[in-house]
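Architecture at a glance
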Amino acid sequence: FVEPTNCTTGNTSWEEHTFVLNWQPHELTTWVDPVLSWDIHRSVVKVEPKAEQAAADGMPTWKTYRRQLTPTWLAVGDYMQRCFADRAAADAPFDSGFKIVLN
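Everything numeric in this text was worked out from a predicted model, so none of it was measured.

What follows covers the overall build of the chain. In terms of regular secondary structure, the chain is built from one helix and six strands. Reading the chain from its N end, one meets helices and strands in the order β-β-β-β-β-α-β. Of the contacts made within the chain by residues no fewer than 6 positions apart, 43% connect residues no fewer than 24 positions apart. When the accessible surface of the chain is summed, it comes to about 7700 Å², and 57% of that surface belongs to carbon and sulfur atoms.

The next point concerns the pattern of salt bridges. Evaluation of the coordinates by the stated rule reveals two salt bridges. A salt bridge links glutamate 27 to arginine 66; its shortest N-O distance comes to 3.3 Å. In this pair, glutamate 27 sits in strand E2 (residues 27–32) while arginine 66 sits in strand E5 (residues 62–66), placing the two residues 39 residues apart along the sequence. Here lysine 50 ties to aspartate 33 by a salt bridge, and the two come within 3.8 Å at their closest N and O atoms. Of this pair, lysine 50 sits in the loop between strand E4 (44–48) and E5 while aspartate 33 sits in the loop between E2 and strand E3 (35–38), placing them 17 residues apart in sequence. Taken individually, lysine 50 and aspartate 33 each receive the classification buried, so the pair is uniform in this respect.

With that settled, consider the environment of lysine 63. You can see lysine 63 is positioned in strand E5. Taking the C-alpha atoms as reference points, lysine 63 and valine 32, separated by 31 residues in sequence, lie 9.3 Å from one another. Apart from the residues within four sequence positions on either side, lysine 63 is in contact with Leu28, Thr29 and Thr30.

Attention now moves to the environment of threonine 64. Along the chain, threonine 64 falls in strand E5. Linking threonine 64 and tryptophan 31, residues 33 residues apart in sequence, is a C-alpha distance of 8.9 Å. Once residues lying within four places of it in the same chain are set aside, the contact partners of threonine 64 are Glu27, Leu28 and Thr29.

Criteria and cut-off values
Residues numbered from 1 in each chain as written. Predicted model: local features only at pLDDT ≥ 70, side-chain atom pairs only at ≥ 80, totals over all residues. Heavy atoms only, no water. Helix = DSSP H or I, 4+ residues; strand = E, 2+ residues; numbered from the N terminus. Contact = heavy atoms within 4.5 Å. Areas by Shrake-Rupley, 256 points an atom, 1.4 Å probe, with all protein chains shown as cover. Salt bridge = Lys/Arg side-chain N within 4 Å of Asp/Glu carboxyl O. Buried < 20%, exposed > 50% of the residue type's maximum accessible area, 1.4 Å probe, protein only.

So this is what it looks like as structure tokens:
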């Protein structure tokens, strides 16, 4: 995700954005400025891509990576098994119970 800088607005040259990362076994999804929904306990219950595109060039506001379809993710698995087989699970570092990150 890249946007043009705007140096005429004072000290800030980029807009502020919300990023969300969600991982599940063999799958990782990222969103930029999604629409979030909460329940009455203030727990996030839904993350949806925003309706409009993130940039004028039509860049998507979300992307899902699947292990079997992502060559670089597959390649790191060989390295982790060779060098850290006793310490790293197949989904490392995304193998903990924490499933969603908001920034």
